[in-house]
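# Close look at the chain arrangement
If you want the building blocks of each chain, they are given just below.
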Amino acid sequence: MPHQTDGIVIKNERIHSNYFILKIHCPLIANQIRPGQFIMLKVSEDHYPLLRRPFSIYKASLDGKIDILYKKVGKGTQEMTTFKKGKKISLIGPLGNGFTLPPLPSSAPILLIGGGIGIVSLYLLASVLKDEDIFVLVGGKTEKDILCLDDFRKIHSHLTVATEDGSLGFKGTVVDLFLSFEKMISKKRPYIFACGPMEMLKELANKSKSKDRFQISLEARMGCGFGACWGCVIKTNHTQSPYQRVCKEGPVFNLKDIDWD
């Protein structure tokens, strides 16, 4: 059940380039969050920016701490970079429907595919699945856009990196990397989880042969975060209710359920 509550900033630091980690003490949310869910965070005490911003939870600990990994891209995230230790901030969460876990232990391979900042929503899932055989594919435009590698290495996942300019790992997109990997495991009916830009997910939908057990977490602009404003609607293949809200019915959907046309 979502709550509107206050959290206290523990740390807010740049990790590299325009990427930051915001650590918040907020036990009410930290103790309830499930992989794939998100929060709505009030970024300013002024009238502008007025709307809260949605953020996936990168980490959540039993001692009540949550981590948000964010990129400075606009007025809201610029304001967030000024948050100091001890600042009280307003949050709503946990929100949305998260990932459905495969039967454990899994007899099939488990793949996690993250494009850019999308990898953030997959780390909590990887932590839950840490005793499984996990393959993690991380992609970005350049080496500066590759995130979370050290944390994924700590849970002993099989980690492979792709950069479009070839500055780190495989040269190409993370979709290119996945397709070369898929040839080896498609007959094993893998469980696949992905998050990243909509263009990346659409390309996966068009090119992947492994659509039966393939979950994706969508990124979207949100007005409220709990389904009231209908500002984050996505068209699906559901005949009864084709238009569904990313914040309410999602953000996690089955890849084959989205109408990509």
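See the structure above.
The structure contained in this document is the topic of the report that follows. (Residues numbered from 1 in each chain as written. Predicted model: local features only at pLDDT ≥ 70, side-chain atom pairs only at ≥ 80, totals over all residues. Heavy atoms only, no water.)

Here we take up the overall build of the chain. What the chain contains, in helices and strands, is 6 helices and 16 strands. In terms of overall size, the chain behaves like a compact globule, its C-alpha atoms giving a radius of gyration of 18 Å where 261 residues would be expected to give roughly 18 Å. Its C-alpha atoms put the chain at 55 × 45 × 35 Å along the principal axes. For the chain, buried positions account for 51% of its 261 residues. Put simply, of all contacts in the chain between residues at least 6 apart along the chain, 63% involve residues at least 24 apart. For the chain, the exposed surface amounts to about 12,800 Å²; the carbon and sulfur share of it is 51%. Computed over 36 positive and 26 negative side-chain charges, the separation of the two mean positions in the chain equals 2 Å. (Helix = DSSP H or I, 4+ residues; strand = E, 2+ residues; numbered from the N terminus. Rg over C-alpha atoms; globule rule 2.2 N^0.38 Å. Buried < 20%, exposed > 50% of the residue type's maximum accessible area, 1.4 Å probe, protein only. Contact = heavy atoms within 4.5 Å. Areas by Shrake-Rupley, 256 points an atom, 1.4 Å probe, with all protein chains shown as cover. Lys, Arg positive; Asp, Glu negative; His and termini not counted. Charge placed at Lys NZ, Arg CZ, Asp CG, Glu CD.)

A surface patch of negative charge is lined by Glu143, Glu164, Asp165 and Asp176. Considering the arrangement of structural elements, one finds Asp176 in helix α5 (residues 174-185). Given a relative accessible area of 32%, Asp176 falls into the partly exposed group. (Patch = residues over 30% accessible without salt bridge, like charges linked within 9 Å, V, L, I, M, F, W, Y side chains within 5 Å. Salt bridge = Lys/Arg side-chain N within 4 Å of Asp/Glu carboxyl O.)

Take the sheet that holds strand β5 (residues 59-60) next. Reading across from one edge, β4-β3-β7-β1-β2-β6-β5 is the order of the 7 strands in this open sheet, with antiparallel pairing throughout. Bordering the open sheet on either side are β4 (53-56) and β5, each of which pairs with just one other strand. Inspection of the sheet shows β5 paired to strand β6 (residues 65-71) by 2 bridges, in the antiparallel sense. Looking across to β6, one finds that Lys59 is bridged to Asp67. (Pairing = 2+ DSSP bridges.)

Omega for the bond connecting Gly93 with Pro94 falls within 30 degrees of zero, at -5 degrees, which places this linkage in the cis form. Within the secondary structure, Pro94 sits in strand β7 (residues 88-95). Of note, the bond from Leu104 into Pro105 is cis; its omega dihedral lies within 30 degrees of zero at -5 degrees. Tracing the backbone shows Pro105 in the loop between β7 and β8 (110-115). With a phi close to 70 degrees, Cys148 is a non-glycine residue in the positive phi region. Judged by its relative accessible area of 12%, Cys148 is buried. Phi angles above zero are rare outside glycine, and Trp230 is one such case at about 55 degrees. With respect to the element layout, Trp230 can be found in the loop between β13 (214-217) and β14 (233-235).

Ranked by size, the top nonpolar core spans 34 residues in total, and within it Ile113, Phe178, Leu204, Phe214 and Ile216 carry the most contacts. Residue assignment for this core shows that the elements contributing at least two residues are β3 (38-41), β7, β8, β9 (134-140), α5, β12 (191-195), α6 (198-207) and β13. Here this core takes 7 residues from α5, the largest share from any one element. For Ile216, the contacting residues outside a window of four places in its chain are Ala194, Leu201, Pro251, Val252, Phe253, Leu255, Ile258 and Trp260. Within the second largest apolar cluster, 29 residues are counted, among which are Tyr19, Phe99, Leu112 and Val120. (Core = buried A, V, L, I, M, F, W, Y, C linked by side-chain atoms within 4.5 Å.)

With that settled, the discussion passes to the pattern of salt bridges. Under the criterion given, the structure shown has 9 salt bridges. A salt bridge links Asp259 to Lys235, with the nearest nitrogen and oxygen atoms 3.6 Å apart. Taken together, the residues span a long stretch of sequence, with Asp259 in the segment after β16 (252-254) and Lys235 in strand β14 at a distance of 24 residues. According to the relative accessible area criterion, Asp259 is partly exposed, its value standing at 21%. Salt bridges linked by common partners bring Lys59, Asp151 and Lys154 together as one network.

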